[in-house]
Amino acid sequence: MTRPDPDLSPATLAVAAGRPGRAQGAPVNPPVVLSSTYVSTGTPGAEMLYARYNTESWLPLEEAVGALEAAGLPGLAFASGMAAVEAALHLATPGTAIVAPRHAYLATLTAARERTAREGGVVREVDIADTDAVVAALTPDDGAGPASLLWIESPTNPMLEVADIPALAAAARAAGALTVVDNTFATPLGQRPLAQGADVVVHSVTKYLAGHSDLLMGAAVTADPALRDRLHARRTTGGAVPGPWEAWLALRGLRTLALRVERSQASALELARRLDGHPLVAAVSHPGLRGHPQHERAARLMDGFGSILTLRPRGGGAAADALTRAVRLWVPATSLGGVESSLERRRRLPAEAPTVPEDLLRLSVGIEDVEDLWADLEQALHAAAAGR
Ligand code: PLP
């Protein structure tokens with residue numbers, strides 16, 4: 001494999017990392033290797049042994065994700081974002097506290113709660129934007145002891161709260177806790193948590209990194225070889241490994257990450273500005289809006305503000321459902337980060353946090369023409385207001 005200069009810009013690394021070596025006649029793209037096992041005798045050494053432990057089909061993507069997060073080590077590919085999340089949650093010491101955003105992705109919170117219910121310990125759910133509250137939760141007086149893991153999602157899904165990652169990671173380190181950042185929303189183009197002090201980054205590759213809503217995959221990345229070994233061991237034992245086709249397709253999607261994110265981010269900000277103050281809109285949230293409570297922090301810590309915004313139409317949950325039925329171009333669907341724009345009323349999911357408003361629609365902006373997206377949204381707002 002070629003190893004591009006790690007100082008190249010992330011947009012370049014997304015294209016250049018994880019390519020086969022440049023021997024005469026070598027393919028430009030990595031081959032898909034369809035083999036569950038490898039020839040091997042005696043005591044296994046460094047060779048490929050069995051495709052649940054390691055396989056060539058993951059390596060180019062792992063190389064590229066590691067380069068994008070500036071880890072200095074390849075990432076680890078998982079069968080889904082949740083498989084990567086589960087492996088990272090296993091870094092918490094059993095019986096201790098996990099500090100996590102109360103608006104983290106709902107399955108992440110479920111997994112953390114299930115783990116502590118099974119093995120002891122607690123999940124302390126915090127407002128991740130409130131740095132003092134998060135720091136206090138790392139070493140509180142509740143008898144459950146200090147936290148061994150700080151989980152950060154920033155911006156959060158779906159409330160779009162923005163965390164002060166450098167301050168929180170420094171506080172966690174001082175308290176003896178590891179910091180994991182779910183970087184799915186921002187992507188490595190928007191923020192690089194390892195450089196801001198985090199120990200591990202996880203991704204739902206399903207979303208922006210792969211970018212086409214055609215596969216499920218996850219990744220975990222760290223600059224610490226010992227942590228990487230623990231995550232790798234967890235993946236091998238848990239068996240939540242991706243198939244070779246998915247890994248290949250995800251890398252193909254990753255090649256256009258910068259173009260997709262540039263376009264969708266610009267459109268998200270434009271749409272958020274138009275919706276802000278619109279007569280049929282009760283509230284809009286996007287870290288790029290000056291009125292967002294952590295706008296300054298996002299401007300300081302992020303490159304761009306992401307491609308997700310939230311919208312609460314006038315008329316409550318019924319209007320939000322009507323809007324979802326009225327859109328023709330936007331796709332009413334869960335998930336996010338695809339080339340196609342999509343939207344979802346999150347509280348239709350029973351497990352969503354009760355502090356997420358009933359009428360909140362999460363909009364994932366894709367790469368279509370922004371005027372077409374706007375026209376469709378406006379007609380749907382009017383249809384919802386008219387009770388259609
Ligand atoms: N993290 C975040 C922020 C997500 O939005 C999601 C999925 O929606 C996940 C993790 C889980 O990823 P996957 O669906 O690929 O398992």
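What comes next is a walk through the structure. (Residues numbered from 1 in each chain as written. Predicted model: local features only at pLDDT ≥ 70, side-chain atom pairs only at ≥ 80, totals over all residues. Heavy atoms only, no water.)

## Description of the nonpolar core
Which entries qualify depends on this criterion: The nonpolar core is taken to be a set of buried Ala, Val, Leu, Ile, Met, Phe, Trp, Tyr and Cys residues, with the residues joined through side-chain atoms within 4.5 Å. A 1.4 Å probe rolled over the protein chains alone gives each residue an accessible area, and that area as a share of the maximum for its type sets the label: buried under 20%, exposed over 50%, partly exposed in between. A helix here means a DSSP run of H or I that spans at least four residues, while a strand means a run of E at least two residues long, and both kinds are numbered starting from the N terminus. Any two residues whose heavy atoms approach within 4.5 Å at even a single point are treated as in contact.
Residues Leu61, Val205, Met217, Ala250, Leu254 and Leu257 are the most contacted members of the largest nonpolar core, which totals 32 residues. Secondary-structure elements contributing two or more residues to this core are α1 (10-16), α2 (59-68), β7 (218-222), α9 (244-254) and α10 (257-275). Apart from the residues lying within four places of it in its own chain, the contact partners of leucine 257 are Leu68, Leu189, Tyr208 and Leu209. Within the second largest apolar cluster, 28 residues are counted, among which are Ala272, Val284, Ala320 and Leu323.

## A few points about the site of the ligand
As a reminder, the rule being used: Note on terminology: near, applied to a residue and a molecule or strand, indicates that one of the residue's heavy atoms is within 4 Å of it. Polar contact is defined as a pair of N or O atoms within 3.5 Å, subject to the rule that within protein one atom must be able to donate a hydrogen and the other to accept it, and that residues adjacent in sequence are counted only when both atoms are side-chain atoms. The Shrake-Rupley method, run with a 1.4 Å probe sphere, supplies the accessible areas, and residue values consider only the shown protein chains as cover. Under the scheme applied, nonpolar residues are Ala, Val, Leu, Ile, Met, Phe, Trp, Tyr, Cys and Pro; charged residues are Asp, Glu, Lys and Arg; polar residues are all the others, including Gly.
The local shell around the ligand consists of Ser80, Gly81, Met82, Tyr105, Glu153, Asn157, Asp182, Thr184, Ser204, Thr206, Lys207 and Met217. Take asparagine 157: an N or O atom from its side chain is 3.0 Å from an oxygen atom of the ligand. Taking aspartate 182, its side chain carries an N or O atom lying 2.6 Å from a nitrogen atom of the ligand. Protein chains bury 92% of the 390 Å² of accessible surface belonging to the ligand in isolation. Taken together, the residues of the shell around the ligand break down into three nonpolar, six polar and three charged.

## Remarks on the sheet that holds strand β10 (residues 331-332)
The strands that make up a sheet pair up through hydrogen bonds in the backbone, lying either parallel or antiparallel. Our working definition: Think of it this way: DSSP has to see at least two bridges between two strands before they count as a pair. Simply put, an axis is a line fit to the C-alpha atoms, just over the touching stretch for a helix, and the angle between two N-to-C directions goes from 0 to 180 degrees.
As summarised here, the arrangement of the five strands in space is β8-β9-β12-β11-β10, forming an open sheet in which the pairing is mixed. In this open sheet, the two strands that pair with only one neighbour each are β8 (281-285) and β10. Direction of pairing for strand β9 (residues 308-313) relative to strand β12 (residues 361-364): antiparallel, over a ladder of four bridges. Counted as the bridge partner of leucine 311 is leucine 361 from β12. Along the sheet face, α10 touches β8 and β9 and points at about 20° away from the line of β9.

## Describing helix α12 (residues 316-326)
All of the buried residues in α12 are Ala319, Ala320, Ala322, Leu323, Thr324 and Ala326. Where the residues of α12 are buried, they touch β9, β10, β11 (342-345), β12 and α13 (370-385).

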